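# Understanding the architecture of this molecule
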Amino acid sequence: MEEDQKLLFAVNGERYELYSVDPSITLLEFLRSETQYKGVKLGCGEGGCGACVVLLSKYDPINDQIEEFTVSSCLTLLCSIHGCSITTTEGLGNSKDGFHPIHQRFSGFHASQCGFCTPGFCMSLFSALVNAEKTQRPNPPAGFSKLKVSEGEKAISGNLCRCTGYRPIVDVCKSFASDVDMEDLGLNSFWRKGEKADINIDKFPFYSPNGVCTFPDFLINELKSPKQCFSNLYMKNSDNVRISKLGLTFNSNSVSIRSRERHWYSPITIEELQKLFKYKKTEEENRIKLIVGNTGAGIYKELDHYDTYIDISHIPELSVIRRDSSGIEIGAAVTISKSIKALRGEKGLVFTKIADHMSQVASEFVRNTASLGGNLIMAQRNPFPSDIATILLAAGSSVNIHTGSEIVMLTLEQFLERPPCNSKTLLLSIRIPSWDRLRNFSSEFNGSIDNNPINGTILLFETYRAAPRPLGNAVSYLNAGILAWVSTNRKSEDSVLESLQLAFGAYGTEHAIRARSVEEFLAGKPITVAVLLEAITMLRAIIIPKEGTLSPAYRSSLAVGFFFDFLRPFVKGLTDTEKHLQISDVVASAKTPNGGLNRSINGVADMFPENGNCYVQYDNLVRLGPILSAKQVVEVSTEYYPVGEPIKKAGAELQASGEAVFVDDIPSPKDCLHGAFICSTRPLARVKGIEFKTSLASQRIVTLISAKDIPRGGENIGSQSIFGTEPLFADDLAQFAGQPLGFVIAETQRYANMVANLATVDYDTENLEPPILTVEEAVERSSFFEVPSFLSPKHVGDLSKGMAEADHKILSAEIKLGSQYYFYMETQTAMAIPDEDNCMVVYSSTQCPASAQRVIAKCLGIPDHNVRVITRRVGGGFGGKALRSLPVATACALAAYKLRRPVRVYLDRKTDMIMAGGRHPMKINYTVGFKSDGKITALHIDLLINAGISEDISPIMPWNMVGALKKYNWGAFSVDFKVCKTNHSSKSAMRAPGEVQASFIAEAIVEHVASTLSIEADFVRRKNLHTFQSLNLFYEGSAGEPVEYTLPLVLDKLAKSSSLHHRNEIIKQFNNCNKWKKRGISCVPIVHEVTLRPTPGKVSVLNDGSIVVEVGGIELGQGLWTKVKQMTAFALSRLWSGGSQDILHRIRVIQADTLSLVQGGFTAGSTTSESSCEAVRLACNVLVERLLPLKERLQEQMDALSWDTLVLQANLQAVNLSASAYWVPDYSSMQYLNFGAAVSEFNLFHWAPLSTTEHHSSQNSQYKRLKEAKDGLITTILRHGHPYGSLPNQWTRINMVEVDLLTGAPTILQTDITYDCGQSLNPAVDLGQIEGAFVQGLGFFMLEEYATNSDGLVVSEGTWTYKVPTVDTIPKQFNVEVLNSGHHQKRVLSSKASGEPPLLLAVSVYCATREAIKEARKEHFSCNGLDGSSPIFQMDVPATMPVIKELCGLDNVERYLEKLLPHQ
Ligand SMILES: Cc1cc2nc3c(=O)[nH]c(=O)nc-3n(C[C@H](O)[C@H](O)[C@H](O)COP(=O)(O)OP(=O)(O)OC[C@H]3O[C@@H](n4cnc5c(N)ncnc54)[C@H](O)[C@@H]3O)c2cc1C
Ligand code: FES
Ligand code: FES
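This one's a predicted model, so the numbers in the text were calculated from it and none came from an experiment. Residue positions are given per chain, counting from 1 as you read along its sequence in written order. Naming scheme: in the order in which they are written, chains are lettered from A and ligands are numbered from 1. Predicted model: local features are reported for residues with pLDDT of at least 70 only, side-chain atom pairs are reported and counted for 80 or more only, and whole-chain, interface and lining totals are derived from all residues. Neither water nor hydrogens contribute to the side-chain values; these are computed over all heavy atoms in the structure.

## Some words on the sheet that holds strand β38 (residues 972–981)
By the convention used here, strands pair only if DSSP detects at least 2 bridges between them. Note on conventions: DSSP H or I runs of at least 4 residues are helices, E runs of at least 2 residues are strands, and numbering of each starts at the N terminus. One open sheet accounts for 5 strands, arranged β30-β38-β37-β36-β31; its pairing is mixed. Every interior strand has two partners, whereas the edge strands, β30 (784–785) and β31 (808–817), have only one. Pairing of strand β37 (residues 936–948) with β38, which is carried by 10 bridges, proceeds in the parallel orientation. From the neighbouring strand, Ile 941 faces β38, where its bridge partner is Val 975.

Here it is in C-alpha cells:
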C-alpha cells in the first residue's frame, strides 16, 4: 500500500491538493480555518442543527454522472471527501458577482433575521433543487424548478432556526416549486399587497437550474485520468459487476494520508483491511477507528484523537445492494439515504414501511452519509436508541460479519445479543427477507419466523416511533416494528393471529428486543379483548426501561399504545363499526400485489365520499407532512416614508451568501491562541487542583488561565449589572456546577475543547455547608438578593375586601416553572487582541459592548479607554448575550493580556449550555377569590424566584412579572416575592424575562377558576378583561390614553378572523365523536409593559454623500439596523430632493465600537430599535438644522440641487457633517403597554404509523383509514363547507384532524395572532419578530426541557437532549395580523415594540393543550369511575409528550379494554 498520497478535492470550483492532513480534522474545521469560506457555521458539532450543511458532489466516471447531496460538514472528515467537490453558500453567488436567487429570496421573503442559520438553509434548499432537476418530471415553466412544495418543506426539516419561526423560510422553499400557488406565498418584497392579481414568477429573482457548477471540469478530467492515485473512488458506486468488468485492480489504489504520527487509510479490499489490522499492535487497537460517514461522532463524541482512521466505504463488498427473490442484501457501508431509495424500488409492504421509517431517522444531511452498518454497530456496542435495529429486527433481518478469521451469518437478534464487538469486527451486510414471497423461502431464515404462514392469511407490517419532533431530528422515546400474519376463521369470522414478530427499542434498553413471550402467547389465537388484555400485561412485564431512563412509565405505555394501535382493527367486539367492515374483506384482498389492501380500502373510501361539501378528517398527512399554510395581514403606512415600509432586512443577502461577518468569522491574527472553559461539576466545593490526562490533545496545551492570573490592580470580575458583580473564575471555592474554574489555552479550538473535557478536578467538601439548590432551601436559610424599593411592585386595591366579596376561594395553589436555554445559533464567542500601551481590542458577540468594556477594564485593572469592544452583529441573543457574554469576552481579554498574544474562543454547545444560566425557574403560590359568575375579586401571589448564584438582572424580575400578571382585572391584587440566591448558575434575562412566566401564571389561575366553576376558561378571561379604568388603576402611569387601550379591539378582531365561535362548536362535535383523539382551542390576550431607555446615535455624512450611522443598539437579527436606516432616510428627507427611498442605499449602519460611540447601553427589553431610531432622528435633526439654510441658499442659485452638490458645498463651507445625539425618553411616558392575542388550536395526535413519501403515503393512509374505519375513528365528516374558510387549497383536500391519546403527541393545527404594533416602523421586521417570538415561546411551553442533575449541573447539553421547535412542530396554519392601531403620540413615530411581547402569546398553545387533555380525562377516567376525571389538574411546563400522555392516562388502553371486557 502506498503511503503519503495526496488528498484532492474542490471547494466552490477551486482546487485543493493536500499532502499532510490531520485525519481527525472535519470538513467544517478545514473550510473555516483554511479557506476564505465562512458560510459554513458551527451550531452544534453533532449533526443536530444544519448550520454547517454543504453540498457534496461525487463524480462517477463510469456512468459519467454526478451525484449530489447535503452533508453536515461538522461530522464529515476531511479525508473522506477525496475526489469530491464541495459547494458552500458562497459558491452559489455573492455580492460581487451577483447573489443566487436563493439568497435573494431569503432576503425578499424576510426569512433571515440574525442570519447564522441561513447559509445552512440555503444549502439544504439548493440540494433539493439540484436533485429535483434530475427527476424525469416534465420541465416546469421558466423560473420555476421541478421541486414540489412538499419536497421543499421537507428539505429544511433538519435545519434549526431560532429567530424566524420558519414560516418565511418555508415560503422561500415553496417559491421555487412548480406546484406552488403564488397566492399562497407570504409577505415579501417582490410584490405589494393589492398587487396579488398580477403576481407571477417574473416578480421573483429568476431561477435557472444551470446557474451553478457543482463539479468543476478539472476534477472530472483528473478523475478520468488513469494516472490518478484515487481511482478507488469509483468503487464507492458499489456496483461490483461493473467494476470487475472493467478489470480494475485495487491493491495499488488505496489511499493513505498521514500527518505527524496519525494515519488515514482507505483500503479497497477486505484483505487490505485485515493487513492493516494485523499491522497494528493489540495495544493500539483502541486507537483505530473504522469510519464510514463518521456521523456516530455526533453521538459518541471523540474525547481524544485516534491514531488511525480507516475509511471502509471503498470496500466493494460493503457497498453492494443485491436483490434476489428471497430478499435484499444491503452492504453495511450503504448510506441510509441510498438504502431508502433501494427499498422504495422494491415491491412489498415490509420494504416500503422500512423505507418510510428510515426517512424519519436523523435528517437528510445526516442520512446522506450515515451508513446502515454504522447505525447497527452503534446499536450493538452501546445502548444506542436505534430505529434501524428495531425495525430490521421486526422484519426478521440477518447480518454478515467478518470476525477476522471467518464470515459469519447471524440473525440480527443474535448479533445484537452478542457481547459488544471489538474494533476489528467488520459488519459486511444486512439482509432483509422478502416477506411477500416468504412462503417459498421460509426455511432459509434461521427460525426468524415462528409459524409458517398459511394460505389465506395476510401479511401486516407496521413501524412506529414516538419522538419529541416528528421529522426534525429527534431520537425516539420508544420505537417499534410489528409484523403479523392474520387470517379469518370463516365460521366465526374472528381474526386469528397466525404469527407475530414484535420488536421494541430505544426505551432504555441495551438494544432492540423481540417480545418473544407475547409473540408465542398470541400465535394461533383469535384476537379478543381478553386476549389482547393478557398480551398487554405480558408486554408491560417486558418493556421495562433500565434504571435512570427518563420517563420510564411513559415509554412502557407507548409500547402498549403501539401494540393496541396495530391490533385494534382486528379485535373482536372493539367497536360497532367493526361489524360493517369485516376482516374477511382484508383477507380477500390479500392476493392483490401491493400488500393486499386495495379492495378493503376502496370499501372504506366509499364510506366517506369526498364530494363538494364533505371532508373526511385524517391524521398522518397533517402530522408528518409539514405542509404549512399561513396568512399575514399588515397595514403599511406611508406617513413617515420610508419609515413604515416593509423593506427587506439590511444585509440579509450577505447573511444568506455567507459573507456577513460574525465574530468567529474574523480571520485569526498571527499567533492567535484558543481558549476553553473548565467548569465545576459540583455546586459547592473547594477546588484542590486541576489535572490533565495525558492525551494527544493535552500535548498542545499552552497554559491554564485562572483567578491567579488576574493582574495586580485588577479584579476577579466576569460580569456586572447595576445590582452586583460576578467573579470570572472560582477562587478556591466553586460556588455552582457550571462555574468556570479556569480557561485552557491551546493551539486550536478543538484541542482546547478536548483538553478542557479531559481535565480532572480534585474537589473537597469537608466542613462545607450543603449547597442551596432549591428555592425552599433558600427560604429555610434566608438566602435572598435584595430588591431595591423602586423595583418592588405595588399592591392594587384592598385584598381582604376582595376576598370577602368572593363566593369561592382557592387557597395556596402551587405552580412550578423550569428554565429555558437561549439556543442562539451562534454560541458565545469573543476574540481579544492586545494593542500598544496596555490596550485591548475585543471583538465580542454581545448585546452590551459598553458593559463588556467596563468589566474587562476592571478585570485587567486598566482604564476603560484602554479597552475597545467591537460588535458588528450577533448570531442570536435573546438576552443570553447580554450579561452572560461578559465572562467569555473577559476571559479572552485576560488570557491575551497575560500571554501578549491574541486569544479567541468559540464555546462548544455543551459548555455554552452549562454556563448559560437561562430563564429563571420559580415556584408560585396563589390564593384567589372569585364570584360564581367567574369574576375574580382578589388575588394574592407568593413568588420564589431562583436567581442562581449572583444578582445579574434578577432583582428586576418581580417588577417584570407583575407587569404581565396584571393583564386581568383581579379586583384586588398583591404579591410577595423572594429573589433566592442558590448554588446554581446565574439566571439571566431571556426574551420576555419574567413576563412569559407571569402571563402563564395568570392563565393558570384563570383555568383553575374556570375548572372550579365548570365554565369555559375563555369566558373567565373575557369576564376579567380590563376596562380602561381598571387598566389605569393597575398600570398607573403606563396605561396611556383610553384610545390606546386596544386589547378589546384586538380580541374582537381575532375572534372574527379566526372564526373562534364556529371552531369551538366544531371542536365540541369532534371531541364527542372521537375516543382516541381530542382537540382543544384557546384564545389568550396579553399585556406587556416595556420601558424606553436613553440611547445614543451618531450620523455622519462623508465626502461622497454616503452616510454612516452609529447607534447604541446592536443588530441581533431583530432588524434594528433596517429600522435605523429607514429612520435616517426619513429624518434627512427634508434635505433630499429625490425620493427618500434613494437615500436608503446611501446609508450604512456600522458596528458598535465602544470608543467611537459612548454610553451605548444594552440591547434588550424590546425598545432598543425604537430608541436607537429616535436618537438617530435627533442627530439627523441637527444635520438638517445645519444644512437647511445652506440648501435654501443654494436652491435660490440653481434649479435642481442634488444631495451630492449639497454635501460638496457643505464641505467647502466647513459645515460640520457629523452629529451625535443622546435621546432621553420623557420620564412620564417611558413605560407603555403592548397588546396582542392569540387563538391556538391543538390536537392530541397520534403520529405513527409512519408514512412520509407521497408515493407510499396513500398505501399507508389507506391502511390506516381501513383500520380506523373499522374501529370507528373516522367519525368526523364536516359538512357545509370547511370550518376555516381561509385554509389553502391543499388543506381542503387533505382530510384533517383526529386526535389520538396513545402517544401524547401534540399537533398545533392553527394559530391566529393579532398584535398591535402601533404604526409599525417596518411591518415585515415586526411580523418576523412576532412569528419568531411566538415559536420560541412554543418551545418553552411545549418542548424545551433544560434539565439539570441533582447537583444542578445542566444535563440537557446539546441538540440530542434539548429540542427547540423545528419546522414540523410549528402551527400548521399560522395566521398573523399586525394591527396598525394608528397614532400613539408619545411613541416613536407612533410605533410599538414587537421583540418580546408576542412570545407570551405562545401560552395559548399550552391552554389549548389543557383543553384537549381535559376532554380526554373526562372520557377516559370517568368511564372507569375514577377520580382523574376532575377538570382540575396541574400540567407541567414544558408540556412534553410524556407529560401529556401521563395526564391522559398512561394506562388508558388497559382501562378502555377492561371496560369492554364484561360486554364481550
Ligand atoms: C443528528 C443525528 C441524529 C440521528 N438520529 C437517529 C435516529 O433518530 N434514529 C437512529 O436510529 N439513528 C439516528 N442517528 C444515528 C445514525 O443513523 C448513525 O450515526 C449512522 O447511521 C452511523 O453511520 P456512519 O456511517 O456515520 O457511522 P460512523 O460514525 O462512521 O461509525 C459509527 C461506529 O460504527 C463503526 N462502524 C461503522 N461501520 C462499520 C462496519 N461496517 N463494521 C464495523 N464497524 C463499523 C465505527 O467504527 C464507529 O465506531 C442519528 C445520528 C445523528 C448524527
Ligand atoms: S454544526 Fe453541523 S449540524 Fe450543527
Ligand atoms: S435567522 Fe435563523 S437562527 Fe437567526
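Following the structure, the description resumes.
## Here we look at the nonpolar core
We define a nonpolar core as any set of buried Ala, Val, Leu, Ile, Met, Phe, Trp, Tyr and Cys residues linked to one another through side-chain atoms lying within 4.5 Å. For each residue, the accessible area found with a 1.4 Å probe, counting protein chains only, is set against the maximum for its type, and the residue is called buried under 20%, exposed over 50%, and partly exposed in between. Membership of the largest hydrophobic core comes to 322 residues, with the highest contact counts inside it found for Phe 563, Phe 743, Ile 941 and Leu 1457. Note on definitions: a residue-residue contact is assigned when non-hydrogen atoms from the two residues lie within 4.5 Å. Setting aside chain neighbours within four positions, we find Phe 743 in contact with Gly 675, Ala 676, Phe 677, Thr 703, Leu 704, Ile 705, Phe 729, Ala 891, Cys 892, Ala 895, Val 903 and Val 905.

## Describing the site of ligand 1
Taken together, 37 residues sit near ligand 1, with Leu 290, Thr 295, Gly 296, Ser 371 and Asp 387 positioned nearest. We define a polar contact as two N or O atoms separated by no more than 3.5 Å, with the added condition that, inside protein, one atom must be a possible hydrogen donor and the other a possible acceptor, whereas residues neighbouring each other in sequence contribute only through side-chain atom pairs. Interatomic distance of 2.9 Å between a backbone N/O atom of Gly 293 and an oxygen atom of ligand 1. For ligand 1, an oxygen atom lies 3.0 Å from a polar atom in the side chain of Arg 465. To measure how exposed things are, a 1.4 Å probe is used in the Shrake-Rupley method; for residues, cover is taken only from the protein chains shown. Here ligand 1 has 970 Å² of accessible area as a free molecule, and 96% of this is covered by the chains. Mapped by element, the contributors of at least two residues to the shell around ligand 1 are β8 (288–291), α12 (372–381), α13 (387–394) and β14 (426–433). The nonpolar class holds Ala, Val, Leu, Ile, Met, Phe, Trp, Tyr, Cys and Pro. Asp, Glu, Lys and Arg form the charged class, and all remaining residues, Gly among them, are polar. The class makeup of the residues in the shell around ligand 1 is 21 nonpolar, 12 polar and 4 charged. The nearness test applies per residue and asks whether one of its heavy atoms lies within 4 Å of the molecule or strand.

## Some remarks on helix α10 (residues 349–358)
Residues that lie three or four places apart on an α-helix share one face, since the helix turns once every 3.6 residues. Across the 10 residues of α10, 10 count as buried, placing the element largely inside the fold. Listed in full, the buried residues belonging to α10 are Leu 349, Val 350, Phe 351, Thr 352, Lys 353, Ile 354, Ala 355, Asp 356, His 357 and Met 358.

## Details of the pairing of strand β22 (residues 673–679)
Across the 7 residues of β22, 7 count as buried, placing the element largely inside the fold. In this structure, β22 lies alongside strand β35 (residues 903–906), joined through 2 bridges in parallel fashion. Within β35, the position partnered with Leu 673 by the bridge is Val 903. Relative to strand β28 (residues 740–746), β22 is paired through 6 bridges, and the arrangement is antiparallel. Looking at the pairing, Cys 679 lines up with Pro 740 of β28.

## As for the pattern of salt bridges
In the sections that follow, a salt bridge refers to a side-chain nitrogen of Lys or Arg positioned within 4 Å of a carboxyl oxygen of Asp or Glu. Per the counting criterion, the structure on display carries 62 salt bridges. A salt bridge links Asp 356 to Arg 344; the nearest nitrogen and oxygen atoms lie 2.8 Å apart. Of this pair, Asp 356 sits in helix α10 while Arg 344 sits in helix α9 (residues 336–344), placing them 12 residues apart in sequence. Two residues, Lys 1068 and Glu 1065, come together in a salt bridge whose shortest N-O distance is 3.7 Å. Of this pair, Lys 1068 and Glu 1065 both sit in helix α34 (residues 1060–1073), 3 residues apart, which is roughly one turn of the helix. Taken together, the shared-partner salt bridges connect Lys 967, Glu 1003, Glu 1007, Asp 1018, Arg 1021 and Arg 1410 into one network.

## So, the environment of Leu 318
Within the element layout of this structure, Leu 318 appears in the loop between β9 (308–311) and β10 (321–324). A relative accessible area of 0% means that Leu 318 is categorised as buried. It is 10.0 Å that separates the C-alpha atoms of Leu 318 and Ile 268, two residues lying 50 residues apart in sequence.

## Examining the sheet that holds β10
The antiparallel open sheet is built from 5 strands, whose spatial order is β10-β11-β14-β12-β13. The open sheet is flanked by β10 and β13 (407–411), the only strands paired with a single partner. Taken pair by pair, the neighbouring strands of this sheet meet at an average axis angle of 20 degrees, ignoring direction. Strand direction decides the pairing type here: strand β12 (residues 398–402) and β13, joined by 5 bridges, are antiparallel. Bridge assignment links Asn 400 to a residue of β13, and that residue is Met 409. Fitted lines through C-alpha atoms serve as axes, helices being fitted only where they are in contact, and the angles separating the N-to-C directions of these axes extend from 0 to 180 degrees. α9 contacts β10, β11 (327–331) and β14 of the sheet and is inclined by roughly 165 degrees relative to β11.

Treat this as a map of the structure, not an account of what it does.
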